[in-house]
Amino acid sequence: MTEYLTVDSGTLAYEVTGGSGPLVVLAHGMGDSREAYRFVTPPLVAAGYRVVAVDLRGCGESSAQWPSYSRTDIAGDLLAVIRHLGGPAVLVGHSISGGAATIAAAQAPDLITGIVELAPFTRKQSIKLSDLRVGRYRNGMLRLLGAGLLGSASLWRSYLDIAYPGKKPVDWTARTARIDAMMREPGRMKAMQRMGQSTPADAGAQLGNVRCPVLIVEGALDPDWADPRAEGGAIVAALPAGLGRLEMIEGAGHYPHVQYPDEVTSLLLTFLRANVRP
């Protein structure tokens, strides 16, 4: 059942699944919704965790119109949900909300016991000419930039096809149709465009201030980076020594938790059991 929380000038939608076990909060990437964790939530609940999947500001059933859509804004929203539900929590963030998880952990160490970042945009990005020789990166970047600049739902759909290389989820056709419909709702594409325009610099600046354990998960074929392993390693290196760990999912693109949910769930459960027990 969808629940709602008023934060600043908008309303966040979220769904709580499970009983009274430790809190795990799941945050998706831009142009998506909490359905992104549809394959991950059931095994986490079965393991005894109380799982909360949140629709980011501008996405899913949350309000479309917000003053801004930065990682710092998203971190504040997620912390508001955790406070409302009586944290602390382990926070799992994908893409833009991976960076938001870093900020949340640095700002409220009493509320965050661990963070997991899936294919995160957590560092300021730069493009080298040599990166453009990598076909999947070049093709993905052109479609992603095109969707952002033109506000094109069809280009976003084309990007998703590259972001899920090879193996597609069993409900691919139905799910992409729902994403397409969401992106055509008033204000949703504009929200995604403004998320895409926000810089990860605010998240990168907080990496050294994180005090909880961190798991970084990268898809080996993620088109958002010419070298996903190097990107994940750079995030770990910027954290205080000994806090971060990088795991790669072979064959996965930008959505490892959807393409390879069993592998990602196994990593999540190992991380959770090491840091918080039901």
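Up top is the structure.
Structure report, in brief. (Residues numbered from 1 in each chain as written. Predicted model: local features only at pLDDT ≥ 70, side-chain atom pairs only at ≥ 80, totals over all residues. Heavy atoms only, no water.)

Turning our eyes to something else, we now look at helix 9 (residues 228-238). All buried positions along helix 9 are accounted for by Pro228, Glu231, Gly232 and Ile235. The buried residues of helix 9 occupy an angular sector of 95 degrees when the element is viewed end-on, so they sit on one face. Looking at the buried positions of helix 9, the neighbouring elements they touch are helix 4 (135-150), strand 7 (214-219) and strand 8 (244-249). (Buried < 20%, exposed > 50% of the residue type's maximum accessible area, 1.4 Å probe, protein only. Helix = DSSP H or I, 4+ residues; strand = E, 2+ residues; numbered from the N terminus. Arc of directions from axis to C-beta. Contact = heavy atoms within 4.5 Å.)

Turning our eyes to something else, we now look at the pairing of strand 4 (residues 50-55). Burial within strand 4 is extensive, with five of its six residues counted as buried. Here strand 2 (residues 10-17) runs beside strand 4; their pairing, made up of five bridges, is antiparallel. Pairing of Thr17 across the sheet is with Val51, part of strand 4. Note: strand 3 (residues 23-27) against strand 4, five bridges, orientation parallel. (Pairing = 2+ DSSP bridges.)

Next up on the list: the nonpolar core. A general trend in soluble globular proteins is that nonpolar side chains are found buried together. Ranked by size, the top nonpolar core spans 58 residues in total, and within it Val25, Ile112 and Trp156 carry the most contacts. Looking at which element gives the most residues to this core, the answer is helix 2 (residues 71-85), with seven residues. When neighbours within four sequence positions are excluded, Val25 is seen to be in contact with Val52, Val54, Leu78, Ile82, Ala89, Val90, Leu91 and Val92. (Core = buried A, V, L, I, M, F, W, Y, C linked by side-chain atoms within 4.5 Å.)

Most of strand 3 sits out of view: five of its five residues are buried. Side chains of strand 3 alternate between two faces, with Leu23, Val25 and Ala27 and Val24 and Leu26 buried alike. Once you follow strand 3 into helix 1 (residues 41-46) and on to strand 4, the crossover reads as right-handed. Relative to strand 5 (residues 89-94), strand 3 runs parallel, the two being bridged by five bridges. Its bridge partner being in strand 5, Ala27 is matched across the sheet by Gly93. (Right-handed = clockwise from strand over helix to strand, strands pointing away.)

So, about the sheet that holds strand 8. To summarise the sheet geometry, strands pair through backbone hydrogen bonds and adopt either a parallel or an antiparallel arrangement. One open sheet accounts for eight strands, arranged 1-2-4-3-5-6-7-8; its pairing is mixed. Every other strand in the sheet has two partners, leaving strand 1 (2-7) and strand 8 as the edge strands with one partner each. The mean angle between the axes of side-by-side strands here comes to 20 degrees, regardless of whether they run parallel or antiparallel. (Axes fitted to C-alpha atoms, helices over the stretch in contact; angles between N-to-C directions.)

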